[in-house]
Amino acid sequence: MVEMKIYLGHSTELNYREDLYSPLKQSALAEEHELIFPHESEDFFNSREFLREECDLVIAEVSKSSTGLGIELGWASLFEVPVICVFRSGSDPSGSLKAVTDNFVEYSYKEELVSKLEGKIS
């Protein structure tokens, strides 16, 4: 399989370093693809340019709503980048997400998230 550049979008209100970045860094996805963790550094990451020029897929953690993530998903849709929305069981993702994707993954714990994403992407 050809390596993809996969952008991980999320609300900054999530514990994204522990609940999203850490498990994905240890997954087969990280071995097979280039995962982009936009908030790993304090430096500004120009997601619009990345989505327009380089991105093959967006994984959006949508358990918590976020204006910034909504903007990024709008750009992904505009630039025709496929989107997978993931959300924790019990959360209530916005219905407007259906305007950018019909690809949703519900999960209960980190390992399940990784397993389901590996099944969809690998």
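In this convention, every chain numbers its residues from 1, walking through the sequence in written order. In keeping with the model being predicted, local features are shown solely for residues with a pLDDT of at least 70 and side-chain atom pairs are shown and tallied solely at 80 or more, while totals for entire chains, interfaces and linings include all residues. Water and hydrogen atoms were dropped before computing side-chain values, which therefore reflect all heavy atoms in the structure.

### Digging into the pairing of strand β3 (residues 57–61)
Of all five residues in β3, five are buried, a share of seventy percent or more. For each residue, the accessible area found with a 1.4 Å probe, counting protein chains only, is set against the maximum for its type, and the residue is called buried under 20%, exposed over 50%, and partly exposed in between. Helix and strand definitions follow DSSP, with helices as H or I runs of at least four residues and strands as E runs of at least two, each counted in order from the N terminus. The side-chain alternation of β3 yields two buried faces, one formed by L57, I59 and E61 and the other by V58 and A60. A pair of strands is treated as paired once DSSP finds two or more bridges between them. Of the strand pairs in this sheet, strand β1 (residues 5–10) and β3 are connected by five bridges, and their pairing is parallel. Bridging across to β3, L8 finds its partner in I59. Of the pairings in the sheet, the one linking β3 to strand β4 (residues 83–88) comprises four bridges and is parallel in character. From the neighbouring strand, A60 faces β4, where its bridge partner is C85. Look down the strands so they point away from you; if going from the first strand over the helix to the second traces a clockwise path, that crossover is right-handed. Of the crossover connections in this fold, the one passing from β3 over helix α4 (residues 67–78) to the parallel β4 is right-handed.

### Re the side chain of E61
In this structure, E61 sits in strand β3. Think of it this way: Lys and Arg go in the positive column, Asp and Glu in the negative one, and His and the chain ends go nowhere. Basic side-chain nitrogens of Lys or Arg form a salt bridge, by our definition, when they fall within 4 Å of a carboxyl oxygen of Asp or Glu. Buried charge without a salt bridge: E61, with R88 as the nearest opposite-charge side chain at an N-O distance of 5.6 Å. What qualifies as a polar contact is a pair of N or O atoms within 3.5 Å, subject to a donor-acceptor requirement within protein and to the restriction that residues adjacent in sequence count only when both atoms come from side chains. Among the polar contacts made by the side chain of E61, one reaches the main-chain amide nitrogen of S63 at a distance of 2.7 Å. The criterion used for residue contact is that any of the two residues' heavy atoms lie within 4.5 Å. Not counting residues up to four positions away in its chain, the partners in contact with E61 are G9, H10, S11, L14, L20, L69, V86, F87, R88 and Y107.

### Quick notes on the packing of helix α1 (residues 16–25) against helix α5 (residues 110–121)
Two packed helices can be described by the angle between their axes and the distance between those axes. Fitting a line to C-alpha atoms yields each axis, with helices limited to the stretch in contact; the angle taken between N-to-C directions then spans 0 to 180 degrees. Contact geometry for α1 and α5: axes closest at 10 Å, N-to-C directions at 45°. Between α1 and α5, the interaxial angle falls into the category oblique. Here the hand of the crossing between α1 and α5 comes out right-handed. The segment α1 lies against α5, with E18, D19, L20, P23 and L24 engaging K110, L113, V114 and L117. When describing relative orientation, an angle under 35 degrees is termed roughly parallel and one over 145 degrees roughly antiparallel, while 65 to 115 degrees is termed roughly perpendicular and anything else oblique. By convention, the crossing between two helices is left-handed when the near helix turns anticlockwise from the far helix through less than a right angle, and right-handed when the turn is clockwise.

### Structural notes on α4
The terminal C-alpha atoms of α4 lie 17 Å apart, and with twelve residues this matches the ideal 16 Å at 1.5 Å per residue to within 8%. Along α4, the residues classified as buried are L69, E72, L73 and A76. For α4, the angular spread of buried residues about the axis comes to 100°, placing them on one side. Counted as exposed and oriented over 90 degrees from the buried face of α4: T67 and L78. Looking at the buried positions of α4, the neighbouring elements they touch are β1, α3 (47–53), β3 and β4. By definition here, a helix of n residues has an expected span of 1.5 Å times n minus one. Arc definition: directions from the helix axis to the C-beta atoms.

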